[in-house]
Amino acid sequence: MNRGVVWNYSPASGPAVRVVVLSNEAHNSVSWPVCAYLTRRATPLVPTMVPLADPDPVGGAVDLATLGTINPDRLSGPVGMLTGASLARIGEAVRALFGL
């Protein structure tokens, strides 16, 4: 499971959503991946919403308020891979969120 890949996620309750894997392959090989939900809303309303770059295979934004581990058995896909530009934006937002 690679960083930056978008998957369909079926939670135990509620509708299916798309998520992006944010943890690296070394982590994902020994633990559940750290992911964040994608939203169709491209305009960030809060600092935890990171808009995706135009060339990405999916549109919208990543909602870092949903950051957490996800059971990989509930993932299907993959749907696509985010661009380097979007991953860089997400990295900057994560550093700002945690004051790193």
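First, a word on scope: everything that follows refers to the structure included in this document.

Conventions and cut-offs
Residues numbered from 1 in each chain as written. Predicted model: local features only at pLDDT ≥ 70, side-chain atom pairs only at ≥ 80, totals over all residues. Heavy atoms only, no water. 1 Å grid on protein atoms, 1.4 Å probe; cavity = no way out; pocket = protein on both sides within 12 Å on 5 of 7 lines; lining within 4 Å. Points joined across faces, edges and corners; volume = space filled by probe spheres on them. Pairing = 2+ DSSP bridges. Helix = DSSP H or I, 4+ residues; strand = E, 2+ residues; numbered from the N terminus. Axes fitted to C-alpha atoms, helices over the stretch in contact; angles between N-to-C directions. Contact = heavy atoms within 4.5 Å.

The space that makes up the largest pocket amounts to roughly 190 Å³. Around the largest pocket, the lining residues are R18, L38, T39, R40, V58 and G59.

Here we take up the sheet that holds strand β4 (residues 49-51). Read across the open sheet, the 6 strands follow the order β4-β5-β3-β2-β1-β6; overall the sheet is antiparallel. Every interior strand has two partners, whereas the edge strands, β4 and β6 (75-81), have only one. On average, each strand axis in the sheet is inclined to that of its neighbour by 40°, with strand direction left out of account. Sheet topology note: the β4/strand β5 (residues 61-69) ladder contains 3 bridges and is antiparallel. Following the sheet pairing, P51 is matched in β5 by A61. Relative to the sheet, helix α2 (residues 84-98) contacts β4 and β5, its axis offset from that of β5 by approximately 60°.

Once that is clear, we can look at unusual backbone geometry. Most of the time, phi is negative for any residue but glycine, and the peptide bond is trans. In the segment running from G77 into P78, the intervening peptide bond is cis, with an omega of 5°. Considering the arrangement of structural elements, one finds P78 in strand β6.

Here the focus is the pairing of strand β3 (residues 34-39). Looking at chain direction, strand β2 (residues 17-21) and β3 are connected through 3 bridges and run antiparallel. Residue pairing in the sheet places V21 in a bridge with C35 of β3.

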